[in-house]
Amino acid sequence: MRKDKKQVIGDEIGDAQIKLFLDFEPADATSPSLHKLIKAYRGLRIDDFERFLVFFKEAGYDLDGKDEHGQDFVALIQDQRNAPDYIELINNARG
């Protein structure tokens, strides 16, 4: 593969498929906003997650939602390998 080509794994997904992640609801005391962020983090590639955040904010969800232990999205993922890129997107979305 040429160095100037970015490897893409899987098919490109559309906005409608990304918006489906807004439909997930928690089964516990986790805030609906945090639950949606976690589901999107686990299910979307970084570029798609960035697009998801636009829809997330437009729908009025909270980027600072917490679970029953008071942890937000950043606290929950910060020790994971790919977390820095996702945390940067969250911080940029916060403004």
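You'll find the structure just up there.
Just so we're clear, the structure is a prediction, and the values are computed from it rather than from any experiment.

Engineer: Would you mind showing me how to read helix 5 (residues 83-94) here?
Structural biologist: Structural remark: α-helix, 3.6 residues per turn; residues separated by three or four positions point the same way. With 12 residues, helix 5 extends 16 Å from end C-alpha to end C-alpha; this agrees with the ideal 16 Å at 1.5 Å per step. All of the buried residues in helix 5 are Ala 83, Tyr 86, Ile 87, Leu 89, Ile 90 and Ala 93. The buried residues of helix 5 all sit within an arc of 155° when viewed along its axis, so they share a single face. Across helix 5 from its buried face, at more than 90 degrees, point the exposed residues Pro 84 and Asn 92. Against helix 2 (32-43), helix 3 (46-58) and helix 4 (73-77) lie the buried residues of helix 5. At the C-terminal side of helix 5, Gly 95 shows a positive phi close to 100°.

Engineer: Even after reading the chapter, I still don't get the packing of helix 3 against helix 5, so can you show me in this structure?
Structural biologist: When two helices pack together, their arrangement is given by the angle between the helix axes and by the axis-to-axis distance. Viewed as axis vectors pointing N to C, helix 3 and helix 5 meet at an angle of 25°, and their least axial separation amounts to 10 Å. By the criterion of interaxial angle, the relationship of helix 3 to helix 5 is roughly parallel. In this structure, helix 3 crosses over helix 5, and the sense of that crossing is right-handed. Residue-level contacts link Ile 46, Phe 49, Glu 50, Leu 53 and Lys 57 of helix 3 to Asp 85, Tyr 86, Leu 89, Ile 90 and Ala 93 of helix 5. In terms of residue class, the contact of helix 3 with helix 5 is made up of seven nonpolar, no polar and three charged.

Engineer: Explanation requested: the side chain of Asp 72 in the structure shown.
Structural biologist: Tracing the backbone shows Asp 72 in the loop between helix 3 and helix 4. Given the relative accessible area of 16%, Asp 72 is considered buried. A polar atom in the side chain of Asp 72 sits 3.0 Å from the backbone nitrogen of Ala 75.

Engineer: Please clarify how the nonpolar core should be interpreted in this entry.
Structural biologist: The tendency in soluble globular proteins is for nonpolar side chains to be buried side by side. Leu 37, Phe 49, Phe 52, Leu 53 and Phe 73 are the most contacted members of the largest nonpolar core, which has 25 residues in total. In terms of residues, this core owes the most to one element, helix 5, which gives six residues. Contact partners of Phe 49, with chain neighbours within four places excluded, come to Leu 37, Ala 40, Tyr 41, Leu 44, Phe 73, Tyr 86, Leu 89 and Ile 90.

Criteria and thresholds
- Residues numbered from 1 in each chain as written.
- Predicted model: local features only at pLDDT ≥ 70, side-chain atom pairs only at ≥ 80, totals over all residues.
- Heavy atoms only, no water.
- Helix = DSSP H or I, 4+ residues; strand = E, 2+ residues; numbered from the N terminus.
- Expected span 1.5 Å × (residues − 1).
- Buried < 20%, exposed > 50% of the residue type's maximum accessible area, 1.4 Å probe, protein only.
- Arc of directions from axis to C-beta.
- Contact = heavy atoms within 4.5 Å.
- Axes fitted to C-alpha atoms, helices over the stretch in contact; angles between N-to-C directions.
- Parallel < 35°, antiparallel > 145°, perpendicular 65-115°, else oblique.
- Left-handed = near helix turned anticlockwise from the far one by under 90°.
- Nonpolar A, V, L, I, M, F, W, Y, C, P; charged D, E, K, R; others polar.
- Polar contact = N/O pair within 3.5 Å; in protein donor to acceptor, adjacent residues only side chain to side chain.
- Core = buried A, V, L, I, M, F, W, Y, C linked by side-chain atoms within 4.5 Å.

Geometric descriptors of this kind do not, in isolation, establish any biological role.
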